[in-house]
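Below are the chains, spelled out letter by letter.
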Amino acid sequence: MSKAETHPEIREAVRKLCARFPGPYWRGLDRERAYPTEFVKALTEAGWLSMLIPEQYGGAGLGLTAACAVLEEIHRSGANGAACHAQMYTMGTLLRHGSEAQKERWLPKVASGELRLQAFGVTEPTSGTDTTRIQTFAKRVDDMYVVNGSKIWISRAEHSDLMVLLCRTSPRDDAGKTSDGMSVLLVDMREAKGRGLTIKPVRTMLNHATTELFFDDMEVPVENLIGREGAGFKYIIDGMNAERILIAAECIGDGKFFVDRASAYAKERSVFGGPIGENQGVQFPIARAHVQVTAAGLMVDHAAQLFEAGEPCGSEANMAKMTASEASWYAADVCVQTHGGFGFAEEYDIERKFRETRLYQVAPISTNLILSHVATHVLGMPKSF
Ligand SMILES: Cc1cc2nc3c(=O)[nH]c(=O)nc-3n(C[C@H](O)[C@H](O)[C@H](O)COP(=O)(O)OP(=O)(O)OC[C@H]3O[C@@H](n4cnc5c(N)ncnc54)[C@H](O)[C@@H]3O)c2cc1C
């Protein structure tokens, strides 16, 4: 391990845990598109998923750099934290904007793992990235919100008890700003399923437990409104910096996995009477991948440190996510190329990780939207939309 890595004790403990879940475990699940229940249970019991929850609510009260170390090590080991990473940060919306009564009611149970809060419902089929055009509407009727509409790509919904849901509570055209008039509801999915909430799994190129949700007069008690009605967009945006930085850390873990595997194979595979890694055509791309992953890792550390210090970090979180996801994807491609035909064999785990890391240039935000943010917010160029 390099001396420059943060939180060495945490990394060591996470590595030990991940060693109990080697390649065959993930391959079997991938084939079936099955949820890694045992792995998530082990992470929950070890307290890693509640580490960002303050101690007063039963968590470890650690900062984002520690959580980054956990997710990086999970991914570096060949595992995939996407099945549960949202249990770490989705509670942030409740923590930052919920009432004291809501926090006391929900957070200790989320911290203990009794309740899973790892579904986050924003994206809709028609609005896509243009979140202000979401159509899911929550109409207030007495002490209930009655919700109608649909969401797409809502990950882990089948494996979550609670969901943070963004909906409109007044039409876009009535709002002062287009981002006004949206609200965040904490949905108790145990009560909603079959009573207005339908969950339909979406099979994808990776094992990701993602779903489509349909709301048909789903009732949510008004007491589950988080913060102020109409101010929900800001609450969701607030949570996105943590999500982007943590997922960037997963990309760094993926990138290290690919560089480790590629360099090991290049040293050991002998063709034409010598190791393939003595050819610069093989070694330079691996060296380049290492450089890119290392540089992106510094950007992720920088963004995480700003977040932890309570400093503004929207642009840094975006840049960390973009550089890390591009570095991991380049490393993935190089790793497949280095392995030749074996890069395509399931038993090497490389093709699985290749598919998994591709996601991060699209979700949780696509690269073009990050470039647009940097072009307009950082460099002051005009906005195209
Ligand atoms: C496996 C998976 C899991 C996900 N999990 C969740 C989840 O749990 N919760 C949730 O709410 N969402 C989730 N998402 C949704 C994800 O955040 C979106 O897919 C992503 O933000 C892109 O939105 P979109 O698919 O609607 O693409 P669109 O907005 O339709 O965009 C399509 C393409 O066009 C580009 N584009 C669009 N507008 C512009 C523009 N103005 N300029 C330049 N390029 C543009 C985009 O960059 C993109 O490449 C998930 C998605 C996937 C695939």
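Here, every reference points to the structure presented above.
Please read these numbers as outputs of a predicted model, since none were measured by experiment.

Caption draft 1: Main features of the site of the ligand. Lining the immediate surroundings of the ligand are 19 residues, of which Phe120, Thr123, Thr129, Trp153 and Ser366 lie closest. The separation between a nitrogen atom of the ligand and a polar side-chain atom of Ser155 is 2.8 Å. Contact between the ligand and Asn368: a nitrogen atom at 3.0 Å from a side-chain N or O atom of the residue. Look at the ligand: alone it shows 980 Å² of surface, and the protein chains cover 65% of it. When residues of the shell around the ligand are traced back to their parent elements, those giving at least two are β3 (144-155) and α13 (367-378). Of the residues assigned to the shell around the ligand, the class counts are 10 nonpolar, eight polar and one charged.

Caption draft 2: Highlighting empty space enclosed by the protein. Taken as a whole, this structure holds three cavities of 30 Å³ or more when the rule is applied. In this model, the largest cavity occupies a volume close to 110 Å³. Around the largest cavity, the lining is made up of 13 residues, and of these Trp26, Pro36, Asn80, Ala83 and Asn207 lie nearest the centre. Residues belonging to the lining of the largest cavity are distributed by class as follows: seven nonpolar, three polar and three charged.

Caption draft 3: Layout of the pattern of salt bridges. For the structure on display, the rule yields 27 salt bridges. Among the ionic pairs, Asp30 bridges to Arg355, the shortest N-O distance being 2.8 Å. In this pair, Asp30 is assigned in helix α2 (residues 23-32) and Arg355 in helix α12 (residues 350-358), connecting sequence segments 325 residues apart. Taking relative accessible area as the criterion, Asp30 reaches 8% and is therefore assigned buried. Residue classification places Arg355 among the buried residues on the basis of a relative accessible area of 15%. Each of the salt bridges in this network shares a partner with another, and the network as a whole consists of Glu5, Arg11, Glu12, Arg15, Glu72, Glu73, Arg76, Lys256 and Asp260.

Caption draft 4: Looking closely at the nonpolar core. Among the nonpolar cores identified, the biggest contains 91 residues, and Phe39, Met51, Ile74 and Ile245 are the most heavily contacted of them. With 17 residues, helix α9 (residues 232-268) is the largest single contributor of residues to this core. Setting aside chain neighbours within four positions, we find Phe39 in contact with Leu17, Cys18, Phe21, Tyr25, Trp26, Ile74, Ala79 and Asn80. Counting residues in each nonpolar core, the second largest holds 21 residues, with Ala138, Val147, Ala192 and Phe215 among its members.

Calculation criteria
- Residues numbered from 1 in each chain as written.
- Predicted model: local features only at pLDDT ≥ 70, side-chain atom pairs only at ≥ 80, totals over all residues.
- Heavy atoms only, no water.
- Near = heavy atom within 4 Å.
- Polar contact = N/O pair within 3.5 Å; in protein donor to acceptor, adjacent residues only side chain to side chain.
- Areas by Shrake-Rupley, 256 points an atom, 1.4 Å probe, with all protein chains shown as cover.
- Helix = DSSP H or I, 4+ residues; strand = E, 2+ residues; numbered from the N terminus.
- Nonpolar A, V, L, I, M, F, W, Y, C, P; charged D, E, K, R; others polar.
- 1 Å grid on protein atoms, 1.4 Å probe; cavity = no way out; pocket = protein on both sides within 12 Å on 5 of 7 lines; lining within 4 Å.
- Points joined across faces, edges and corners; volume = space filled by probe spheres on them.
- Salt bridge = Lys/Arg side-chain N within 4 Å of Asp/Glu carboxyl O.
- Buried < 20%, exposed > 50% of the residue type's maximum accessible area, 1.4 Å probe, protein only.
- Core = buried A, V, L, I, M, F, W, Y, C linked by side-chain atoms within 4.5 Å.
- Contact = heavy atoms within 4.5 Å.

By themselves, these observations are geometric and do not establish any function.
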